[in-house]
Each structure stands twice: as C-alpha cells, then as structure tokens.
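# Examination of the molecular architecture
Listed below are the residues making up each chain.
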Amino acid sequence: MEEYIKQFLARTDESIHNLPIKEIAKAFNVLQAVYERDGRIYVFGNGGSLAMATHWVSDFNKTVFSHHLGKQVKRFQAIRLPTTESELTAWANDEGFDMVFLGPLQNYMREGDAIIAISSSGNSVNILKAVEYAKSCEVPVIGVSGFDGGKLNELADVKIFVPTEKGRYGIVEGVHGVILHLMTEYFKDYFNHVMERRGRAD
Amino acid sequence: MIRAPLRMSFVGGGTDLPDFYHRSPGRVLSATIDKYIYVLVNPTPLVDKFMVKYQKTELVDHPKDIQHTRVRAALLDLDITKSGIEIGSFADLPAKTGLGSSSSFAVALMKGLNAYLGKTLSREEAAEAASRLEIELLGEPIGKQDQYAASFGGFNIFQFNPDDSVDVESILLDYKKKLEFEDHILLFYTGITRPASSVLSDQKSKIDKNFETYIQMADSVFEFNERLLAGDIKGIAKMLHEGWARKKSLSSSAPNMLVDEIYNAGLGAGAWGGKILGAGGGGCVMFIAPPPAQGKIRERMQTFFKEHELPEGRELPIHFTHTGTDILLNNHYQNGF
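Heads up: these notes are all about the structure in this document. (Residues numbered from 1 in each chain as written. Chains lettered and ligands numbered in written order. Predicted model: local features only at pLDDT ≥ 70, side-chain atom pairs only at ≥ 80, totals over all residues.)

## Describing the overall build of chain B
As a reminder of what qualifies: Runs of H or I in DSSP of at least four residues are treated as helices and runs of E of at least two as strands, each being numbered from the N terminus. With the radius of gyration taken over C-alpha atoms, the globule rule is written as 2.2 Å times the number of residues to the power 0.38. To sort residues by exposure, count the other C-beta atoms lying within 10 Å of each residue's C-beta; 20 or more gives buried, 12 or fewer gives exposed, and values between give partly exposed, all with C-beta atoms placed from the backbone. By the criterion used throughout, residues are in contact when their C-beta atoms, derived from the backbone, lie within 7 Å.
Counting its secondary structure elements, chain B contains 11 helices and 13 strands. The C-alpha radius of gyration computed for chain B amounts to 20 Å, which stays within 12% of the reference 20 Å derived for 337 residues, consistent with globular compactness. When the backbone C-alpha atoms are referred to their principal axes, chain B occupies close to 60 × 45 × 40 Å. Every one of the 337 residues in chain B was classed for burial, and the buried ones make up 46%. Taking all contacts inside chain B whose residues are at least 6 apart in sequence as the whole, residues at least 24 apart take part in 73%.

Now the structure itself:
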C-alpha cells in the first residue's frame, strides 16, 4: 500500500518538477494585461476540469482580493463557461455536446478578453472548437493540458502542458489544481503588496 | 474605440532601422506605460464627408484632401473612399514627448480602421500595418520598435531580423521587481520638442561608420535583461548612462545642450543614471535614482525648469503596463439587431 502511495506521489512530483515555468509566467502576464484593459477571463473544461474551472473562478475573483474586499478596487472578472446548468444542457441537448463551450463563448467574448481551456487529453472537441474561435478573434488562449498535450497544446498561445502517461487523470488534474492555485496566489500576493505600499504612502 | 499605450525604450534604439538590421539583427528592450492614445472611428450616415478630429477639425470630401498625414495615407491605402466616417484622437500627453506617441497613434489607427472594415488584426499584423504606414507610405526615417512596443504591450525584447521578420520575447518580470524598478524611475517632461525624424535621419547615415557600435547596442539588450531580472537597478542605471553617452557620439549635429544640461543636473542631484527618451532632441528625461535621493532631484528639476523658462517642464509619474493596443469598444451592429 505504501509503495503504491509512494509511486503516485513520485509521479506527481515528477510532473510538477517538469512544469513549463516560463509558460506559467507568460500566463501571469496575459492575466495582468486582461485586468488592465478591463477584459474578462473565460475558463472551461469537461468533468473534473469543469469543477476546477468553477473553483478557480471563485478564488480568482474573490480570494485574490480577500484582504481588501471593503475597498472599492477593480477586481478580476473570471467567468466559468457555461455559466449555468441550463445553458449547458440547452446547448448540449439542442446543438450537441461539441457546442457547450463555443455556444456561450460566442455570446460573451470581446476583443479584450482571454480564455483558459483545461483539458487533460488536450483533444476534447468541444474545447478545441472554443479555442479555435478565440484564436480566430485574436483573443489569447491559455491552454492547460496533460498526457501528450494534444491539439490544445499546439493551438494555445500559452502552453501549460503537464506531461504524463496517457490516462493518468489523477496526476494531471492534481497538478492542474496546483497551477490554478499558483495563479491565484501570485495575484493575491501581488495585490497585497500593492495595497501595503499604498498604505505606507498614505 | 481603440487604446494604445506609450512606451519607454531602454536599450537598443536605432538598431531597429532597416539599414542596420538588414545586415545584422537589431534588438530593442522597451516597456509600455500607463499613458495612452485613443482613436475613435465612427460612421456618420448623415454627413457625406470625411471628418478628422484632433487639435484641429478637418471636414473634406475625399481622403486625399486630408491634411493629417497618417490618417490620409491610411484611408487611401485601405481604400476607404466612401464618405461618412469620422476619426478622432485623444491623448493623455502631447506629441513629441519621446514616448513613441506617433507610432502608438499609427497602431491604434490601423487597428481601428481595419475593425471598421470588419477585420481583426493580430498584434503582429497591427504592428506591421503601422510600420508600413509610417515607414513605407510616409517615408519616415524611423524603425519599427515603437509600433511593436505599442501593439504588444508590456516589457519586451524585439529582435529585428535581416529578413524583416520580428521576434517578440516577453520579459517575465515578477511584480516585486517591476514595482521596485518603478520606484527608482523619475520621469520629467522638459517641454522642449524636436521631431524625432530630424535626429534619426542623421543617425541613419552614421550606421556604416559606426557599425560595431550598433552591434554593441543590439547586444546590450541581453545584459540589460539579465540585470532587470536580477533586480540590479544600479547596474541598469549605469548601462543607460553609458548608452546615452554612446548615442550622443553617434549624432554629428550637436545634441540639444539644454537637454544635456538637464540630464547632468539630475545626475548631480543624486541620480544613478538615466536617458533622454526619444531621439535625443528633447521630450522627456528619465532618471534612475534611489528613492531617498528623489526629493532632491525633484527640487533640482523644478529650479532648473524655472531658471531656464521651461514652464511646461514637470514630473510625469508613470507605471508600467502589460497590455498593448486594444479595441475597448467595438460597436459594429449589423442587420439592425
């Protein structure tokens, strides 16, 4: 039993060790740029990835600013797609599952936005459809993928690829969780730092 | 409505001229700042004219009659000859500050006019379209660094390759180092203006004679980047100081003595280094100085501007930004819904 646990952790360790640090840093720059132009960040994925997208949105929109919620400051606008279950099922039932992200994205997306697409295989058709649409509008795409990166890693402007054995969802998703938390932590520390400096200046 | 940032160029300026980079890769390191130019393109169905609004307002029947050179050339090149369009521009700062404003305007204009035609330009396409407008269509003796800086936004290294392609490397500077760098920067607008092209056209003929110096300038981008990432602000200041001395040596006409005096006054008051932004003929002077010395430098500048009757001379606080030229509002309704 312990051996099994050790093996899992070793694989996770290895994936974390091999993360593309430069690409994650590029993602920070993209998110910062979107904030400056008052754009929005649309994030989506299937299954566990959708759950992570939902989790990340609440962290990024609130936790980043949580020490200063009483102050009137501009916050991030991260939005999970589809925004409601009704939208999800309406698109899936009426237009097919391939449309569940692209459909809502076409409603919302503007030039100044960015998207984060999460897909372990990097090959989910519904994800790729939305990514291709964003690219055709010159909206930056942060691709968070696993396994061999798939088509998502090819298409993405920022390639956050967690190389793993095919089918090892547990490891990929665990590491994706770390990356998403890293984004939140970076901006939380950044924002706190700015507010402290402002406090000192007053 | 399109917004384009202005920029501060740190090292490598001049190596973005084709006379240099066609022979050896040119490189520029720059960063955009929170001062912007806005361009508004609007259809005017009841006015069968071309309207251009800036410090002046022009109302003409055909784009060829427009006096604003960039707008005229852009409309003619894009073949926008159907009347009923107004183009307005708004700016945080006046022209000729040395912060690349004319190219920021060109990028915003090209992005806006293309959007008016229903076409979305990538950052690279917008930079190239603006470069083509300014360099090829208007024959200005400038390089492409400003158009790229404005279009992409943020801290970047641009490499201008002999085959005319441009590589863009975004510098991954964390927030602490970025804010620390900002804390050391003092920017002053001098109120002295001189068009960049008058200095640059002269610089162009000097490339042959000073080819090795230009190669050093292009290479200095790497050292600057390393120092920036390491947080070695004093080292950066020293590099800028040496760069300014080098730039002066490249120009055969005397540099603007008054600007040089301002620079030396700042150094005398405790700045580690700095540079004259733009082509060296005026505009802004930037100092890198330790925060405790900044009060003294501010006082020195105030006195200097007063003594030399430069009423427009003043400090211009800035922050670095990450976003480039963006369409903030695209109100293209079609088919009445």
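From this point on, the discussion continues.
## Digging into the overall build of chain A
Across its full length, chain A carries eight helices and five strands. Along chain A, helices and strands appear, N-terminal first, in the series α-α-β-α-β-α-α-β-α-β-α-β-α. Relative to the globule expectation of 17 Å for 202 residues, the C-alpha radius of gyration of chain A, 17 Å, shows essentially globular dimensions. Put simply, 67% of the contacts in chain A that link residues at least 6 apart link residues at least 24 apart.

## Focus: the nonpolar core
The condition is simple: Note on terminology: a nonpolar core is a set of buried residues of type Ala, Val, Leu, Ile, Met, Phe, Trp, Tyr or Cys, with members joined through C-beta atoms within 7 Å.
The biggest cluster of nonpolar side chains holds 85 residues, and the ones touching the most others in it are Val107(B), Leu109(B), Met110(B), Val285(B) and Ile288(B). No other element matches the eight residues that strand S2 (residues 26-43) of chain B contributes to this core. With near-sequence residues (within four places) excluded, Val107(B) lies in contact with Ala4(B), Ala126(B), Ala127(B), Ala130(B), Gln147(B), Ala150(B), Ser151(B) and Thr325(B). One finds Phe44(A), Val139(A), Val162(A) and Ile179(A) within the second-largest nonpolar core, a separate group that totals 54 residues.

## Regarding the sheet that holds strand S4 (residues 141-145) of chain A
All names here are of chain A. Put simply, the rule reads: A pair of strands counts as paired when DSSP detects no fewer than two bridges linking them. The axes used here are C-alpha line fits, helices contributing only the stretch in contact, and every angle between their N-to-C directions lies in the interval 0 to 180 degrees.
Here we have five strands laid out as an open sheet, ordered S2-S1-S3-S4-S5, and parallel in their pairing. In the strand order of this sheet, the two ends are held by strand S2 (78-80) and strand S5 (158-161), each with one partner. Neighbouring strand axes in the sheet, compared pairwise and without regard to direction, differ in orientation by 15 degrees on average. Of the strand pairs in this sheet, strand S3 (residues 114-119) and S4 are connected by five bridges, and their pairing is parallel. Within S4, the position partnered with Ile-115 by the bridge is Val-141. Of the strands in this sheet, strand S1 (41-45), S3, S4 and S5 are in contact with helix H2 (residues 21-36), which crosses S5 at around 130 degrees.

## Comments concerning helix H10 (residues 257-268) of chain B
Residue and element names in this part refer to chain B. This is how it is decided: Multiplying 1.5 Å by the residue count of a helix minus one yields the expected span of that helix.
Taking 1.5 Å per residue as the helical rise, H10 with its 12 residues ought to reach 16 Å, and the 16 Å between its terminal C-alpha atoms agrees with that figure. Those residues of H10 that are buried are in contact with strand S9 (273-276), strand S10 (284-288) and helix H11 (294-307). Gly-270 sits one or two residues past H10 and shows a positive phi near 120 degrees.

## A word on the sheet that holds S9(B)
Residue and element names in this part refer to chain B. Strand order in the open sheet formed by four strands is S9-S10-S8-S11, with antiparallel pairing between adjacent strands. One side of each edge strand has no neighbouring strand; the edge strands of this open sheet are S9 and strand S11 (314-315). Bridge analysis of strand S8 (residues 185-189) against S10 gives five bridges, and the strand direction is antiparallel. Looking across to S10, one finds that Ile-185 is bridged to Ile-288.

## Some details on the interface of chain B and chain A
The line we're drawing: Classes in brief: Ala, Val, Leu, Ile, Met, Phe, Trp, Tyr, Cys and Pro nonpolar; Asp, Glu, Lys and Arg charged; the others, Gly included, polar.
Contact with chain B, which involves 15 residues of that partner, is made by 14 residues of chain A. Within the residue set of the side of chain B that touches chain A, elements represented by two or more residues are helix H6 (175-183) and strand S13 (326-327) of chain B. Across the side of chain B that touches chain A, the residue classes tally to four nonpolar, nine polar and two charged.

## Examining the pairing of S2(B)
Residues and elements named next belong to chain B. Judged by how many residues are buried, S2 sits mostly within the fold: 13 of 18 residues are covered. Note: strand S1 (residues 2-11) against S2, nine bridges, orientation antiparallel. When the bridges of S2 are listed, Met-8 appears paired with Ala-31. Across five bridges, the pairing between S2 and strand S6 (residues 156-160) is antiparallel. Directly across from Arg-27, in S6, lies its bridge partner Gln-159.

## Quick look at unusual backbone geometry
Leu81(A) connects to Pro82(A) through a cis peptide bond whose omega is -10 degrees. Among the secondary structure elements, Pro82(A) is positioned in the loop between S2 and helix H4 (85-95). Backbone geometry places Phe147(A), a non-glycine residue, at a positive phi of 50 degrees. Mapped onto the secondary structure, Phe147(A) falls in the loop between S4 and helix H7 (150-155). Even without being a glycine, Asp79(B) presents a positive backbone phi close to 60 degrees. Here Asp79(B) shows up in the loop between helix H2 (69-77) and strand S5 (85-91). We classify Asp79(B) as exposed; it has 9 C-beta atoms within 10 Å.

## Here we look at the packing of helix H3 (residues 101-116) of chain B against helix H4 (residues 123-137) of chain B
All names here are of chain B. So the rule is basically this: Crossing handedness is read from the near helix: turned anticlockwise from the far helix by less than a right angle, it gives a left-handed crossing, and turned clockwise, a right-handed one.
Running from N to C, H3 and H4 point in directions that differ by 115 degrees, and their axes come no closer than 8 Å. Crossing of H3 over H4 shows right-handed handedness. Between H3 and H4, the contacting residues are Ser-103, Ala-106, Val-107, Met-110 and Lys-111 on the first element and Ala-126, Ala-127, Ala-129, Ala-130, Leu-133 and Glu-134 on the second. Looking at the contact of H3 with H4 residue by residue, the classes come out as eight nonpolar, one polar and two charged.

## A closer look at helix H9 (residues 233-250) of chain B
All names here are of chain B. Note the threshold: This arc is built from the directions going out from the helix axis to the C-beta atoms.
Under the 1.5 Å per step criterion, the end-to-end length of H9 is 26 Å for 18 residues, consistent within 8% with the ideal 26 Å. Taken together, the buried positions of H9 are occupied by Ile-233, Ile-236, Ala-237, Met-239, Leu-240, Gly-243 and Lys-247. Taken end-on, H9 shows its buried residues confined to a sector of 160 degrees, consistent with a single buried face. Exposed residues lying more than 90 degrees from the buried face of H9 are Ala-245 and Ser-249.

## Here we look at the environment of Gly146(A)
Residue and element names in this part refer to chain A. Note on placement: Gly-146 falls in the loop between S4 and H7. Expressed as a C-alpha distance, the spacing of Gly-146 and Ile-160, which sit 14 residues apart in the sequence, is 8.5 Å. Residue contacts for Gly-146: discarding those within four places in its chain leaves Ser-120, Val-162, Thr-164 and Val-172.

## A short note on the packing of H2(B) against H3(B)
Packed helices, taken two at a time, are described by their axes: the angle between them and the distance between them. Residue and element names in this part refer to chain B. Keep this limit in mind: Should an angle fall under 35 degrees it is called roughly parallel, over 145 degrees roughly antiparallel, and 65 to 115 degrees roughly perpendicular, with every other angle called oblique.
Relative orientation of the contacting elements H2 and H3 amounts to 30 degrees, with a least axis distance of 11 Å. Comparing the axis directions of H2 and H3 gives the class roughly parallel. Regarding H2 and H3, the two cross each other, and that crossing is right-handed. In this structure, H2 uses Arg-70, Val-71 and Ala-74 to contact H3, whose residues at the interface are Phe-105, Ala-106, Leu-109, Met-110 and Leu-113. Here the contact of H2 with H3 is composed, by residue class, of seven nonpolar, no polar and one charged.

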